Amino acid sequence: MSIVTDTPTKGNVVPADALQFALQYARCGWNVFPINYPIGDGCSCGKADCDRIGKHPMADLAPHGLKDGTTDLERIRSWFTRRPQANIATRTSKADGLFMVGPDGAEGIEQFANLQAIHGELPRTSEAYSGGGGKHHVFRWPGDAEIKNGFNIHGTKIDVRGEGGYFVTPPSLHKSGSRY
């Protein structure tokens, strides 16, 4: 499934097909769940000091967070019919068969390219722009490998979502106003 667009989109308009994206991810075997979304300068969770605006599970719809991730189409329809503006997250783990490498912004994308120039290109895969100007590269879990979650890996602007992680997927809204 290719979800790359030429440029990230901006705006607070909820795409009419947000539910369709969540359903398509599920049809591909990705376990998805609803997460909060930006509202003005804040987060739909209502916490004035929220430090994860638009990036954490919705307590009323996914009280167990990533453990609520599912491919059940009816459950997904229920969630995104009740909250069509919800952002979409995809769970990562060995059991889910997915992990994500996400270079943050232009600096992370450059560092990611430099690493590939040194160590060899990674296989083609599903990728999308992140809301913050980076990218998400989604890979199949490699056998029995151990992949942990990490931020700014080895001092780079590259994050990894592995066992017990999740990442935000298109067409979710970033706090910057850009869409994934």
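Source: prediction; values computed, not measured.

How each quantity is defined
- Residues numbered from 1 in each chain as written.
- Predicted model: local features only at pLDDT ≥ 70, side-chain atom pairs only at ≥ 80, totals over all residues.
- Heavy atoms only, no water.
- Helix = DSSP H or I, 4+ residues; strand = E, 2+ residues; numbered from the N terminus.
- Rg over C-alpha atoms; globule rule 2.2 N^0.38 Å.
- Contact = heavy atoms within 4.5 Å.
- Areas by Shrake-Rupley, 256 points an atom, 1.4 Å probe, with all protein chains shown as cover.
- Lys, Arg positive; Asp, Glu negative; His and termini not counted.
- Charge placed at Lys NZ, Arg CZ, Asp CG, Glu CD.
- Pairing = 2+ DSSP bridges.
- Axes fitted to C-alpha atoms, helices over the stretch in contact; angles between N-to-C directions.

A closer look at the overall build of the protein chain
- Within the protein chain, the secondary structure is distributed over three helices and nine strands.
- When its helices and strands are written in sequence order, the protein chain yields α-β-β-β-α-β-β-α-β-β-β-β.
- Relative to the 2.2 N^0.38 estimate, which gives 16 Å for 180 residues, the radius of gyration of the protein chain is 16 Å and therefore close to what a compact globule would have.
- Pairs at least 24 residues apart make up 69% of the contacts formed inside the protein chain by residues separated by at least 6 positions.
- Carbon and sulfur atoms form 51% of the exposed surface of the protein chain, whose accessible area is close to 9600 Å².
- Computing the positive centroid from 20 side-chain charges and the negative centroid from 19, the protein chain places the two 4 Å apart.

Side note on the sheet that holds strand S1 (residues 32-35)
- Taken together, three strands build an open sheet; the order of strands is S1-S4-S9 and the sheet is antiparallel. A single partner strand is all that each edge strand has here, and the edge strands are S1 and strand S9 (165-169). The mean inter-strand angle of the sheet, taken between neighbouring strand axes irrespective of direction, is 40 degrees.
- Strand direction decides the pairing type here: S1 and strand S4 (residues 87-92), joined by four bridges, are antiparallel. Across the sheet, Pro34 pairs through a bridge with Ile88, a residue of S4.
- The strands touched by helix H2 (residues 73-82) within the sheet are S1 and S4, with S1 carrying the most contacts at an inclination of about 15 degrees.

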